[in-house]
Amino acid sequence: MKNFIYEVQPSRVLFGTRMLQQIKEECTLLNFTKVLVISTPGHIELAQKVTNLIGDNAFVHAKAVQHVPNNSVEKAIEVLKQLNIDGLVAIGGGSPIGLAKALALHTSLPIIAIPTTYAGSEMTPIWGITENGVKTTGNNTIVKPKTVIYDPELTVTLPADVTVTSGMNAIAHCIEALYAENANPIISTLAEDGIRKLVRSLPIILDNPADLNARADAQYGCWLASTALASVGMALHHKLCHTLGGTFNLPHAATHTVILPHVVTYNQKFAPDAMKAIASAWNTAEENLGGVIFDFILSLQAPISLKKIGMYQQDLAKATELTTKNPYYNPRPIKKEAIAELLNNAYEGKRPSN
Ligand code: NAD
């Protein structure tokens, strides 16, 4: 076994059906006296429900939007001051949790996160704020939610297409954790099981979105994925998706879905232990794992080409340029011609092969 460093990141997790009912007690445990409940505008009713569960000292702020624009942070800080808020509850996907993290960065207020997608922001100390079209990200333990409530009932309304792409986003966290530069056996065990849970549950959810057992399995896999994302460094896949989402405004989870098979093929021969773990979790042979993942995505009727999700062919060269500009860790060295080919294949939706 290789030497490694493993750092435990504290967090309290409540997992299971109807755990949302514990929210008032969790606020009390963290000594919240005045609480801001943050959601996207589309989730205002859910935010209101959470507010009612907490009591008269909770207020709805249903104004979170994608990519955490700085003006949404400034406006929310005014609300915090006016209402004398001392605790934040974020319910929804990466967008409301992202706004809560940006507020914590400025105010050090503690967060309770209640994720309803599989994006995986809830366990990480990573924040992001967008200003003038540029997303700045950073790592600060102050923004890591103190408590996370995973209640599978909250995910049954997640539409099939978002469930699948968001689930693939979580699988991508697990896969890159397995070949991370600072990978360690504990996180690798979590990551492998995360893939297993998601690969088994996503097809069942597609058939029956209200299947609570499958929803619980997917959310458990997602917790493992988020823990992996929080614990070890990511590589080519996350760099590519960050570039494509940030510069070309492609949808976050769908971009992860399209790119993943191609990155796995790119790295296949350079990360044999990780590939063994992925094959075991997928219950498949080790040859051409990128192709297996591509077929899985196709079978779930999710997008397999960048062209279909809004990429323009003339932007591929710029995407290659940006992805290869700064050197960073990846099991297989980053070579411009190879990345250009990868992006072109992903654009066309070609099934990858080694
Ligand atoms: P999101 O929060 O914008 O949610 C996507 C859509 O799903 C929204 O329209 C939302 O209203 C809807 N939705 C959420 N839950 C639902 C439910 N249960 N039922 C029905 N509809 C529901 O986006 P996301 O995909 O969750 O997260 C993506 C964002 O998170 C990106 O900005 C990404 O950069 C960020 N992110 C951050 C981290 C981190 O560690 N900081 C990690 C992963 C993702």
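Residues numbered from 1 in each chain as written. Predicted model: local features only at pLDDT ≥ 70, side-chain atom pairs only at ≥ 80, totals over all residues. Heavy atoms only, no water.

**Student:** Would you take a moment to explain the packing of aromatic side chains for this structure?
**Tutor:** Within a pair of aromatic rings, the relevant descriptors are the distance that separates the centres and the angle that separates the planes. According to the stated counting rule, one finds six aromatic pairs in the structure shown. When the ring of phenylalanine 15 is compared with that of tyrosine 220, the centres are 5.9 Å apart and the planes differ by 90 degrees; the resulting orientation is edge-to-face. Linking phenylalanine 15 in strand β1 (residues 12–15) with tyrosine 220 in helix α7 (residues 212–231), this pair joins segments that are 205 residues apart in sequence. Given the relative accessible area of 27%, phenylalanine 15 is considered partly exposed. One aromatic cluster in this structure is built from Phe15, Tyr150, Tyr220 and Trp223. It is arginine 332 that lies over the ring of tyrosine 266; its NZ or CZ is 3.9 Å from the centre. (Phe/Tyr/Trp six-rings, centres within 6.5 Å; stacked < 30°, edge-to-face > 60°. Helix = DSSP H or I, 4+ residues; strand = E, 2+ residues; numbered from the N terminus. Buried < 20%, exposed > 50% of the residue type's maximum accessible area, 1.4 Å probe, protein only. Lys NZ or Arg CZ within 6 Å of the ring centre and 35° of its normal.)

**Student:** Where do I start with a nonpolar patch on the surface in this structure?
**Tutor:** Together, Met1, Phe4, Tyr6, Val8 and Ile186 make up an exposed nonpolar region whose accessible area comes to about 550 Å². Position of valine 8 relative to the elements: it lies in the segment before β1. On the accessibility criterion, valine 8 (62% relative accessible area) is exposed. (Patch = residues over 30% accessible without salt bridge, like charges linked within 9 Å, V, L, I, M, F, W, Y side chains within 5 Å. Areas by Shrake-Rupley, 256 points an atom, 1.4 Å probe, with all protein chains shown as cover. Salt bridge = Lys/Arg side-chain N within 4 Å of Asp/Glu carboxyl O.)

**Student:** Help me understand the side chain of threonine 227, please; the structure alone is not making it clear to me.
**Tutor:** Tracing the backbone shows threonine 227 in helix α7. Contacts of threonine 227, omitting those with residues within four sequence positions, involve Met123, Ile187 and Leu190. (Contact = heavy atoms within 4.5 Å.)

**Student:** Just to check I follow, could you spell out the packing of helix α12 (residues 316–325) against helix α13 (residues 336–348) for this structure?
**Tutor:** Packed helix pairs are specified by the crossing angle of their axes together with the interaxial distance, meaning the distance between the axes. Viewed as axis vectors pointing N to C, α12 and α13 meet at an angle of 135 degrees, and their least axial separation amounts to 9 Å. As far as their axial angle goes, α13 and α12 are oblique. Where α12 crosses over α13, the two elements pack in a sense that is right-handed. The segment α12 lies against α13, with Leu316, Ala319, Thr320, Glu321, Thr323 and Thr324 engaging Lys336, Ile339, Ala340, Leu343, Asn344 and Tyr347. Taken together, the residues that form the contact of α12 with α13 break down as six nonpolar, four polar and two charged. (Axes fitted to C-alpha atoms, helices over the stretch in contact; angles between N-to-C directions. Parallel < 35°, antiparallel > 145°, perpendicular 65-115°, else oblique. Left-handed = near helix turned anticlockwise from the far one by under 90°. Nonpolar A, V, L, I, M, F, W, Y, C, P; charged D, E, K, R; others polar.)

Note that every value here comes from positions in space, so none of it alone points to a role or purpose.
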